[in-house]
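# Structural features, examined
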There are 2 protein chains.
Amino acid sequence: MNYELIKNKIINLINLGIDKNEMIRVDKKPQELIHEFDFTISKEGKTEEEMSSMIDQIIHNSVNTNHTFFMNQMYGKQHLIGVYGDILTTLLNTSMYTYEVAPIMTLIEKECIAKLSKTIWKTSGDGVFTPGGSISNMMGLMLARNAKLAHIKKEGLTNAPKFSIFLSDQAHYSFLKSAIFMGFGSDSIVKIASNEIGQMDTPSLVKAIEIEKQKNRIPLLLIGVAGTTFSGVFDELDALAMIAKENQMWYHVDAVYGGSMLFSTQEKYKFKGIEKADSVSWNLHKMMGIPLICASFLTKEKGLLNDAFAVDADYLFHDTEDDYNLGQKSLQCGRRVDALKLWLAWKHDGELGFENRIDKLIKIANSFAEKIKSNQNFELLCQPDSPIVTFRIIDTDMDNLEGNIINKMVRDQLFKEGEIIFNYAEFKGKIYLRCVISDPEIQENDINKIISKIQETLNFLKEQVEASFISLNV
Amino acid sequence: MNYELIKNKIINLINLGIDKNEMIRVDKKPQELIHEFDFTISKEGKTEEEMSSMIDQIIHNSVNTNHTFFMNQMYGKQHLIGVYGDILTTLLNTSMYTYEVAPIMTLIEKECIAKLSKTIWKTSGDGVFTPGGSISNMMGLMLARNAKLAHIKKEGLTNAPKFSIFLSDQAHYSFLKSAIFMGFGSDSIVKIASNEIGQMDTPSLVKAIEIEKQKNRIPLLLIGVAGTTFSGVFDELDALAMIAKENQMWYHVDAVYGGSMLFSTQEKYKFKGIEKADSVSWNLHKMMGIPLICASFLTKEKGLLNDAFAVDADYLFHDTEDDYNLGQKSLQCGRRVDALKLWLAWKHDGELGFENRIDKLIKIANSFAEKIKSNQNFELLCQPDSPIVTFRIIDTDMDNLEGNIINKMVRDQLFKEGEIIFNYAEFKGKIYLRCVISDPEIQENDINKIISKIQETLNFLKEQVEASFISLNV
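## Considerations on the overall build of chain A
- The number of helices and strands found in chain A is 14 helices and 12 strands.
- For chain A, whose C-alpha radius of gyration is 24 Å, the value lies close to the compact-globule estimate of 23 Å for 474 residues.
- Each principal axis of the C-alpha distribution contributes one length, and for chain A these read about 80 × 65 × 45 Å.
- Expressed as a percentage of its 474 residues, the buried residues of chain A come to 65%.

The structure is reproduced here in structure tokens:
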């Protein structure tokens, strides 16, 4: 078989990159796309030419997540060395379970884990790369359970006491998913109200713990968030650490988004208290632009992951040196190498380069926030803790409901046009717009463009509404 | 920053491929490798030249899993279209949670799931791509639990009855890991003895179910294996289906390795009964050579995954059309696109091409087995059910223990030399050698080479042992 045409197309894409000036997305409903494109598999294969044109259509119908104005998710603009590292990972196709089959990759993962954990705890802890933040968070629950009642590993949760897990109403939904999946039940999740910017309200936490204790439920786990999905704010990690300690709870910090800010000397102060965490989730595919997936789960104490996950599998793990068989501390068996792309980017940029990336992102977010603050048509939720700018369009003529409608309409219109895309979310009854900055090379002018585009869209929509009223009156 | 040198190196690798004639692996202990190679991250970054030489060292110190004689794991030789598809996945960097951000990828995943499930059940079921077989198996446990007692989702396992999970002693270790992780406890795992080739002994299963019932444990889940890790044999899927039904158990088939044989008309008969399974795990990165990770979890009934995993996450899932937001049936939130590489390879080869790949692998395994059978120095475990050939060196002069030592020594010596690598495993007190065939282009001559290499190594080791005796006598 001849693969030259497809190979050359892929090489060409690597050479030129996905076109920066292309639309971010083309607005199509699933049914339209199904109509246009043949998804089905046939008996006979396709020719190289047909494959090549399909690849063009796939690119055209994908979201250009590498675009500066892709601000919809908590990741985006890729780190180029990370991209080459990920391609190398594909070419080498190594599985991360044993040292035997992944010698240098095992040592690279171990180095990354040591370095990341040292960044949190000053001394190197333990950890493993995972298939994402949700599964990292799940592993936190597992270690919390093991720490409290180790016999559950053997006997299961039947007859075990009821546990309670405390987190803010802004914490990630994966904790609820985990609690259900791991047999704690959704009842074990105790959501604590957040304050006006989305941080957990600590007095409410203290009260909630008391209530749960009175119900004879054991406080198992406290979750602190370093960068919420909504506004990117940080919980008061130090205050939470103290409360966790007082109540003998496992303390897990979800730094999936915010973690990378630890690379910055000037941002480190926001993490005060994280060094008291028992475990931390930290994704590098978000703020650092490493290609998806690059997620870590880190623990302060060594050996806990092995205790939790090691099993006997004679056909695979022969060696006594389980310290080098990373499959023994992972939830997975076969596992793609996710550390290499991070390690190469880190090696290339050095610590200073990583710091620089974070400082640039924060500087842009602050400047964006300033522009919003000084514009009377907008209301800024808060000074950004991390590179997410959360705000809403305000208008003295609008009540809350109308305000919500117009904010959502503006976002949906822009999303449909596909040149600038960002997301929205509801918070305490109000709809906010939410721009995640992922490209450290974004310029002052780009930010001005986003703001004026929002205003133009607002005016356009208002005119449309008025026009429809006039036509109704006629 | 200038990335040209690294980019060109990667492009060159894609053009030439990883050298087929290179050693499969270089024998180095962790400490040697740590001594030779600088893993640490420094304050300042590295130059392009330094990066380039590091990449060379990484390749040189990785296992060449693409080599025909890499027979150590249950994957290997990559499908080239799969490789290009995986690179495209990296370049497009899309996350699989919402249709909004992954329009065409969502439809591609849905098509693959429909096609895979149709291959099992004739009508299209439901499913999702997962980060590997272990997590697919975990999802099977989750659905089994939900089917039996749905209120556990809310209330948790405390106060729930004790469950029992039945599997053969040759089933994958991930079920034990899952039972522990999900709060069932390792006590819930009931291992059924396997027969002389590694299939579950069904009379023992029937007895075990009775015993568990007498202990007031609820039979929850029966696991059938389509391709064990040891010998690649299939459980009697149809007989197990009946037993599962009689006892109102969820029936999960672990076809992680063997599943792809469903593509072959001539091999389908081995799966009789799989159409009665409630759920199936099936990895495409194994026999099909799709780059790591390409794993699926499939269910017969639609909607169960959504019931199990959907949660409310306002900042992410806006649409009512959850059928197109695949994050709602996944354990993960952010998720790499693993379906694209499979879909492209499938589209390219057509159904016939996929069938052809499997038939070639089986043909080679049979021919390999014939050669072993007709050689008096070897004992074949059994006619291979799938492309794994399991055998041992025998010698009338050796007792069992000596036989074990010599089999392991031969494997370790070859492994150390790094030109042909395969694994070993213990089964009923005997050490067997285990060659996994992953390259459909392997030739008759290659197989002869493997067999004579094993014999040479045996002779070499015998001479060494004798020489050491002689030198002792002198």
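Further notes follow.
## Quick word on the interface of chain A and chain B
- With 136 residues of chain A at the contact, the number on the chain B side is 137 residues.
- Here chain A and chain B share 10 salt bridges between them.
- We note a salt bridge from Lys 154 of chain A to Asp 187 of chain B, for which the minimum N-O separation is 3.2 Å.
- A breakdown of the residues in the side of chain A that touches chain B according to their chemical character gives 72 nonpolar, 34 polar and 30 charged.

## Observations regarding the packing of aromatic side chains
Residues and elements named next belong to chain B.
- Scanning all chains against the criterion turns up 33 aromatic pairs over all chains.
- Ring centres of Phe 263 and Phe 354 lie 5.2 Å apart, and the angle between their planes is 65 degrees; this geometry places the pair in the edge-to-face category. Residue Phe 263 is located in the loop between β6 (250-254) and β7 (279-283), and its partner Phe 354 is located in helix α12 (residues 339-373); the two are separated by 91 residues in the primary sequence. Just as Phe 263 is buried, Phe 354 falls in that class too.
- Between Phe 427 and Tyr 432 the ring centres are 6.4 Å apart and the planes differ by 65 degrees, which places this aromatic pair in the edge-to-face class. Of the two residues, Phe 427 and Tyr 432, both sit in the buried class.

## Concerning the pattern of salt bridges
- Summed over all chains, the structure comprises 57 salt bridges over all chains.
- Between Asp 86 of chain B and Lys 341 of chain B there is a salt bridge, with the nearest N and O atoms lying 3.2 Å from each other. Residue Asp 86 of chain B is found in helix α4 (residues 80-92), and its partner Lys 341 of chain B is found in helix α12; the two are separated by 255 residues along the sequence. Accessibility classification places Asp 86 of chain B together with Lys 341 of chain B in one group, the buried group.
- A single network of salt bridges, built from pairs that share partners, joins Asp 86, Arg 336, Asp 338 and Lys 341 of chain A together with Asp 86, Arg 336, Asp 338 and Lys 341 of chain B.

## A word on the packing of helix α1 (residues 4-16) of chain A against helix α1 (residues 4-16) of chain B
- Packing of α1 of chain A against α1 of chain B leaves a shortest axis separation of 11 Å and a crossing angle of 175 degrees. For the element pair α1 of chain A / α1 of chain B, the angle class is roughly antiparallel. Listed contacts from α1 of chain B to Lys 7, Ile 11, Ile 14 and Asn 15 of chain A of α1 of chain A are Lys 7, Ile 11, Ile 14 and Asn 15 of chain B.
- In the contact of α1 of chain A with α1 of chain B, the residues fall into four nonpolar, two polar and two charged.

## Some details on the relation of the copies chain A and chain B
- Screw-axis analysis of chain A against chain B gives a translation of 0.0 Å along the axis, an RMSD of 0.0 Å, and a rotation angle of 180 degrees. Each copy turns onto its partner about a two-fold axis.
- Of the interface residues in chain A, 100% have counterparts in chain B that sit at the interface too, so the contact is made through matching surfaces.

## Section: the sheet that holds strand β11 (residues 421-427) of chain A
All names here are of chain A.
- Strands sit in the order β1-β11-β12-β10-β9 across an open sheet of five strands; the sheet is mixed. The sheet is open, and its two edges are formed by β1 (70-71) and β9 (378-380), each paired on a single side.
- Where β11 and strand β12 (residues 430-436) come together, five bridges link them in antiparallel fashion. The partner of Phe 427 across the bridge, within β12, is Lys 430.

## Considering the domain arrangement of chain A
Residues and elements named next belong to chain A.
- Considered domain by domain, chain A is made up of domain 1 (4-64), domain 2 (83-346) and domain 3 (352-473).
- With 28 residues of domain 2 at the contact, the number on the domain 3 side is 21 residues.
- Interface area for domain 2 against domain 3, summed over the two sides, is near 2100 Å², with a carbon-plus-sulfur share of 63%.
- The three residues of domain 2 that bury the most area against domain 3 are Phe 230, Tyr 257 and Met 288, which together make up 30% of that side's buried surface.
- Run the count over domain 2 and domain 3 and you get zero salt bridges.
- Put simply, domain 2 and domain 3 have 11 residue pairs in polar contact (both at pLDDT 80 or more) between them.
- Its residues assigned to classes, the side of domain 2 that touches domain 3 shows 12 nonpolar, 13 polar and three charged.

## Remarks on the side chain of Ser 134 of chain A
- Relative to the assigned elements, Ser 134 of chain A resides in helix α6 (residues 133-148).
- Residue contacts for Ser 134 of chain A: discarding those within four places in its chain leaves His 172, Ser 174 and Ser 178 of chain A together with Leu 331, Gln 332 and Cys 333 of chain B.

## Some words on the state of the cysteines
- By the definition in use, this model includes zero disulfides over all chains.
- Just so you know, Cys 294 of chain A is unpaired, no disulfide at all, and the nearest cysteine sulfur is the one on Cys 112 of chain A, 7.4 Å from it.
- The class for Cys 294 of chain A is buried, based on a relative accessible area of 0%.
- We note that Cys 333 of chain B lacks a disulfide partner, and the nearest cysteine sulfur, in Cys 294 of chain A, lies 16 Å from it.
- Overall, Cys 333 of chain B belongs to the buried group, its relative accessible area being 8%.

Rules and cut-offs
- Residues numbered from 1 in each chain as written.
- Chains lettered and ligands numbered in written order.
- Predicted model: local features only at pLDDT ≥ 70, side-chain atom pairs only at ≥ 80, totals over all residues.
- Heavy atoms only, no water.
- Helix = DSSP H or I, 4+ residues; strand = E, 2+ residues; numbered from the N terminus.
- Rg over C-alpha atoms; globule rule 2.2 N^0.38 Å.
- Buried < 20%, exposed > 50% of the residue type's maximum accessible area, 1.4 Å probe, protein only.
- Contact = heavy atoms within 4.5 Å.
- Salt bridge = Lys/Arg side-chain N within 4 Å of Asp/Glu carboxyl O.
- Nonpolar A, V, L, I, M, F, W, Y, C, P; charged D, E, K, R; others polar.
- Phe/Tyr/Trp six-rings, centres within 6.5 Å; stacked < 30°, edge-to-face > 60°.
- Axes fitted to C-alpha atoms, helices over the stretch in contact; angles between N-to-C directions.
- Parallel < 35°, antiparallel > 145°, perpendicular 65-115°, else oblique.
- Least-squares fit on C-alpha atoms with pLDDT ≥ 70 in both.
- Pairing = 2+ DSSP bridges.
- Domains from an automatic or database assignment.
- Buried area = accessible area lost by both parts, 1.4 Å probe.
- Polar contact = N/O pair within 3.5 Å; in protein donor to acceptor, adjacent residues only side chain to side chain.
- Disulfide = S-S within 2.5 Å.

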